[in-house]
Amino acid sequence: MRRRDNPRVPRRIHLAKVVTGEVALPDHEAHHLRDVLRLEVGEPVEAFDDVGNVALGILVRVTATGVVARFAEVSMAATGRIRLTVAAAVPKANRADWMIEKLSELGVDRFVPLAAERSVVLPEGKNKLERWQRLATESAKQSKRAGVMRVEGLISLSEALLAAKGAGEVWCLSTAPGARAVVDVVSDEAPTEMTV
């Protein structure tokens, strides 16, 4: 039996957009709250969306057909902070999933997979990118970060460097034995405004 005199920590849920009022939760979130966590009417929840908006609320309806929460006030996403994009070649096996989780936990805004000259893994399929986006969302939920890291489609190093033009400061790192120094590669391909 659950003790009601002990205030509960709100469970985090992800919504496409956080709004005030009564909101029918997406099926996967409703299932998790109702069937896995066995939460009841009156339980606190915290909703967040991709851009970093957050709202505290309570569950007002929990039925076999759905779960509804009521949110009174939305806290807007913080502005003016440093926005970080990481572009990297994709490691083999489950190290890629681990990388996505950790980048999300650290607060990275965007991950861009690179098709490098010696890449072994090229995540070109829609399924892999969707899986990584789900991992980024779940990681945001667990780490209580504001917003969700966006996972972009696969691009080449040249395309990444062109996209970074005017983006501010850019840092490039490489540890591969026998690889050209990143500074040399960037000097050949990068726009002149870029800082390396």
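Rules and cut-offs
Residues numbered from 1 in each chain as written. Predicted model: local features only at pLDDT ≥ 70, side-chain atom pairs only at ≥ 80, totals over all residues. Heavy atoms only, no water. Axes fitted to C-alpha atoms, helices over the stretch in contact; angles between N-to-C directions. Helix = DSSP H or I, 4+ residues; strand = E, 2+ residues; numbered from the N terminus. Parallel < 35°, antiparallel > 145°, perpendicular 65-115°, else oblique. Left-handed = near helix turned anticlockwise from the far one by under 90°. Contact = heavy atoms within 4.5 Å. Nonpolar A, V, L, I, M, F, W, Y, C, P; charged D, E, K, R; others polar. Buried < 20%, exposed > 50% of the residue type's maximum accessible area, 1.4 Å probe, protein only. Core = buried A, V, L, I, M, F, W, Y, C linked by side-chain atoms within 4.5 Å. Phe/Tyr/Trp six-rings, centres within 6.5 Å; stacked < 30°, edge-to-face > 60°. Lys NZ or Arg CZ within 6 Å of the ring centre and 35° of its normal. Arc of directions from axis to C-beta. Pairing = 2+ DSSP bridges. pLDDT = per-residue confidence, 0-100.

Once that is clear, we can look at the packing of helix α2 (residues 95–105) against helix α3 (residues 126–143). Their axes nearest at 8 Å, the elements α2 and α3 cross at an angle of 40°. Taken together, the axes of α2 and α3 are oblique relative to one another. Crossing hand, α2 versus α3: right-handed. Facing A96, D97, I100, E101, S104 and E105 of α2, the residues of α3 in contact are R131, W132, L135, A136, S139, A140 and S143. For the contact of α2 with α3, the class distribution of residues is 6 nonpolar, 3 polar and 4 charged.

In this structure, R38 takes a positive phi of about 55° despite not being glycine. By the element assignment, R38 lies in the loop between α1 (27–36) and β3 (44–48). The backbone of K144 sits at a positive phi, close to 60°, despite the residue not being glycine.

Tracing the sequence through the fold places R134 in helix α3. In this structure R134 comes out as exposed when scored by relative accessible area, which is 53%.

Below, the discussion takes up the nonpolar core. Core analysis: the biggest nonpolar cluster contains 18 residues, and I100, L103, F111, W132, M149 and V151 have the highest contact counts within it. Contributions of two or more residues to this core are made by α2 and α3. The biggest single contributor to this core is α3, with 5 residues. Look past the residues within four positions of M149 in its chain and what remains in contact with it is I100, L103, S104, V108, D109, R110, F111, Q133 and A136. L25, A30, L33 and L39 belong to the second largest nonpolar core, which has 15 residues in total.

Let us look at the packing of aromatic side chains. Summed over the entire model, instances satisfying the criterion amount to 1 aromatic pair. Note on F111 and W132: the rings are 6.1 Å apart at their centroids and 75° apart in plane angle, and the pair reads as edge-to-face. With F111 in strand β7 (residues 110–115) and W132 in helix α3, the pair connects residues that are 21 residues apart, well separated along the chain. Taken as a pair, F111 and W132 share a single burial class, namely buried. Above the ring of F48, the side-chain terminus of R12 is found at 4.1 Å from the ring centroid.

Our next topic: α1. Those residues of α1 lying buried are E29, A30, L33 and R34. Down the axis of α1, the smallest arc covering the buried residues is 110°, so these residues share one side. Turned more than 90 degrees away from the buried face of α1, the exposed residues are D27 and H28. Where α1 is buried, its residues meet β1 (11–14), β3, β4 (54–63), β5 (66–75) and α3. R38 lies just past α1 and shows a positive phi near 55°.

So, on to the sheet that holds β4. The mixed open sheet is built from 5 strands, whose spatial order is β1-β3-β4-β5-β2. The sheet is open, and its two edges are formed by β1 and β2 (21–24), each paired on a single side. Pairwise comparison of adjacent strand axes, ignoring direction, gives a mean angle of 40° for this sheet. Pairing between β4 and β5: 9 bridges, direction antiparallel. Opposite R61, over in β5, you have V68 as the bridge partner.

Moving on to the confidence of the model for the protein chain. In this model, the protein chain carries an average pLDDT of 81, and 76% of its residues clear a pLDDT of 70 or more. Note on residues 1–6: pLDDT under 50 across the span, and 7 contacts to partners over four residues away in sequence or across chains. Residue range residues 190–196 is modelled with pLDDT below 50. Its contacts to residues more than four positions away, or to other chains, number 15 contacts.

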